[in-house]
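# Architecture at a glance
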Amino acid sequence: MALSAQQIPRWFNSIKLNSFITATQLRNRFQRPGKTLMHGVSAQPQMSSDNCFLQWGFKTYRTSSVWNNSSHFTKSSRQEINSAQSTMLHSVNEQSQETQKIPNFDSELSLEGLDDVPPLSPLQPISEEEAIQIIADPPLPPVSFTLRDYVDHSETLQKLVLLGVDLSKIEKHPDAANLLLRLDFEKDIKQILLFLKDLGIEDNQLGTFLTKNYAIFSEDLENLKTRVAYLQSKNFSKADVTQMVRNAPFLLNFSVERLDNRLGFFQKELELSVKKTRDLVVRLPRLLTGSLEPVKENMKVYRLELGFKHNEIQHMITKIPKMLTVNKRKLTETFDYVHNVMNIPHHVIVRFPQVFNTRLFKIKERHSFLTYLGRAQYDPAKPNYISLDKLVSMPDEIFCEEIAKASVQDFEKFLKTL
């Protein structure tokens with residue numbers, strides 16, 4: 001049904017209100033007109049929303065008026081309509097001009113204003129398609145029997161692997177694995193590595209060192225420096241300290257008091273001079289870090305069971321420090337064979353203590369072969385004397401050629417008869 005002349009102004013006001021609400025919603029949704037959206041494509045302000053909606057309204061009205069012109073409208077009605085149109089168009093033009101005069105504050109905002117936009121809330125609902133596109137990292141296992149599960153997520157473990165640290169050995173100790181996972185490489189580990197480098201540990205030695213002594217990361221750096229300073233105050237050179245730390249990785253984990261007590265024990269128990277005590281621990285630094293029980297036990301065995309004098313013990317251990325920590329059973333079995341089977345007296349054994357550092361079966365094989373050839377003569381006062389040093393230290397080829405005066409093939413055939 002066609003509108004009457006009195007309803008047309010109301011209809012236009014309704015259109016204007018609707019267009020104003022729609023335009024306001026569009027402005028709120030696109031808060032920054034004139035900004036570049038992507039790759040130079042700019043969103044510029046378009047024609048006024050009121051004009052668009054009014055033009056659509058006029059077209060609709062004119063179409064309706066054509067359909068109903070002959071039967072429903074008079075000449076006076078058309079004049080009122082034309083008057084209403086001109087009045088509304090004039091009002092719209094004035095509003096459009098005022099809108100163009102209003103400055104666009106959003107266009108004057110700098111790109112830095114983008115940082116002020118609050119982030120989206122994690123509680124904001126998303127669609128199923130957006131949820132499918134989210135790729136989440138697998139969660140870290142709360143408990144694991146291997147460090148392999150944590151390497152991809154830990155910068156500390158990754159850099160330790162690059163240094164050559166064997167994590168498969170460290171993970172056997174749960175406390176050690178937990179320690180490494182809590183450490184920060186830059187804050188906790190880097191300073192220890194620089195300290196070891198200054199001490200003389202080479203790059204290709206760091207991996208082996210840290211695999212054995214991962215606990216050094218729990219030590220205070222100042223305490224480590226204090227222990228090095230203590231050793232140097234006892235006239236250990238920097239090269240000596242480096243050699244000791246390399247051969248006994250746990251050396252610097254012990255306090256100054258313990259190191260001082262150990263040095264005092266060996267000097268007093270063995271009645272050695274300061275220089276000989278220093279040389280002893282440089283050659284075998286494990287004496288400062290290992291248990292003292294094997295040392296005390298072997299000292300009793302040398303004196304009470306094997307019958308060596310105190311000065312003879314001093315001589316042997318200064319030449320072969322490992323005699324202090326050798327297995328008691330091996331020690332007694334070797335002495336029993338050399339002294340009671342080969343008939344070598346104490347004073348000869350004292351001159352060649354390396355016999356205690358040789359595998360017993362090797363001594364038996366060579367002595368048996370020399371006995372078979374009739375050349376087992378170990379008395380230095382008699383001809384064809386064979387020293388214990390040559391007996392245990394030479395390779396098979398030289399032993400057969402110079403000592404046994406036989407071929408290696410003859411020696412191998414003899415061993416098959418044993």
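Bear in mind that the values here come from a model prediction, so they are computed numbers and not experimental data.

Here we take up the overall build of the protein. Regarding its fold elements, the protein presents 23 helices and two strands. Sequence separation of at least 24 residues holds for 69% of the intrachain contacts in the protein that already meet a minimum separation of 6.

A separate point is the nonpolar core. Formed by 49 residues in total, the largest nonpolar core has its most connected members in Phe 308, Leu 324, Met 342, Phe 356 and Phe 399. In this structure, Phe 308 is in contact with Tyr 302, Arg 303, Ile 313, Met 316, Phe 335, His 346, Ile 349, Val 350 and Phe 356, ignoring residues within four places of it in sequence. Counting residues in each nonpolar core, the second largest holds 42 residues, with Ile 170, Leu 179, Leu 180 and Phe 254 among its members.

As a further point, take unusual backbone geometry. One non-glycine residue, Asn 235, adopts positive backbone phi at about 70°. For Asn 235, the location among the structural elements is in the loop between helix H11 (221-233) and helix H12 (238-247). Positive phi, normally seen in glycine, also occurs at Asn 343, with a value near 60°. Mapping Asn 343 onto the fold places it in the loop between helix H18 (328-341) and helix H19 (346-351).

Here H18 is 14 residues long and its end C-alpha atoms lie 19 Å apart, about the 20 Å a rise of 1.5 Å per residue gives. The set of residues buried in H18 consists of Leu 331, Thr 334, Phe 335, Tyr 337 and Val 338. Taken down its axis, H18 places every buried residue within 165° of arc, on the same side. Close packing links the buried residues of H18 with helix H16 (293-305), H19, helix H20 (360-373) and helix H21 (388-393). For H18, the capping residue at the N-terminal end is Asn 327, with a side-chain oxygen 2.9 Å from the backbone nitrogen of Arg 329. The positive-phi residue at the C-terminal boundary of H18 is Asn 343, with phi of around 60°.

The next thing to look at is the environment of Phe 361. Here Phe 361 lies in helix H20. Judged by relative accessible area, which is 44%, Phe 361 ranks as partly exposed. Spatially, the C-alpha atom of Phe 361 lies 9.5 Å from that of Thr 334, the residues being 27 residues apart in sequence.

Across the protein, pLDDT averages 76, with 67% of residues at or above 70. The low-confidence segment residues 1-9 (pLDDT under 50) makes eight contacts with residues lying over four places distant or belonging to another chain.

Once that is clear, we can look at the environment of Ser 393. With respect to the helices and strands, the residue Ser 393 is situated in helix H21. For Ser 393, a relative accessible area of 47% translates into the label partly exposed. The sequence separation of Ser 393 and Gln 354 amounts to 39 residues, and the corresponding C-alpha distance is 8.6 Å. Only 2.4 Å separates the side chain of Ser 393 from the backbone oxygen of Asp 389, close enough to count as a polar contact.

This part covers the packing of helix H9 (residues 185-199) against H11. Close contact between H9 and H11 brings their axes to 11 Å; oriented N to C, the two are set at 15°. It follows from the interaxial angle that H9 and H11 lie roughly parallel. Judged by the sense of rotation from one axis to the other, the crossing of H9 with H11 is right-handed. Contacts between H9 and H11 involve Gln 191, Ile 192, Phe 195 and Leu 199 from the first element and Leu 221, Leu 224, Lys 225 and Val 228 from the second. Per-class residue counts for the contact of H9 with H11 are six nonpolar, one polar and one charged.

What counts and how
Residues numbered from 1 in each chain as written. Predicted model: local features only at pLDDT ≥ 70, side-chain atom pairs only at ≥ 80, totals over all residues. Heavy atoms only, no water. Helix = DSSP H or I, 4+ residues; strand = E, 2+ residues; numbered from the N terminus. Contact = heavy atoms within 4.5 Å. Core = buried A, V, L, I, M, F, W, Y, C linked by side-chain atoms within 4.5 Å. Buried < 20%, exposed > 50% of the residue type's maximum accessible area, 1.4 Å probe, protein only. Expected span 1.5 Å × (residues − 1). Arc of directions from axis to C-beta. Polar contact = N/O pair within 3.5 Å; in protein donor to acceptor, adjacent residues only side chain to side chain. pLDDT = per-residue confidence, 0-100. Axes fitted to C-alpha atoms, helices over the stretch in contact; angles between N-to-C directions. Parallel < 35°, antiparallel > 145°, perpendicular 65-115°, else oblique. Left-handed = near helix turned anticlockwise from the far one by under 90°. Nonpolar A, V, L, I, M, F, W, Y, C, P; charged D, E, K, R; others polar.

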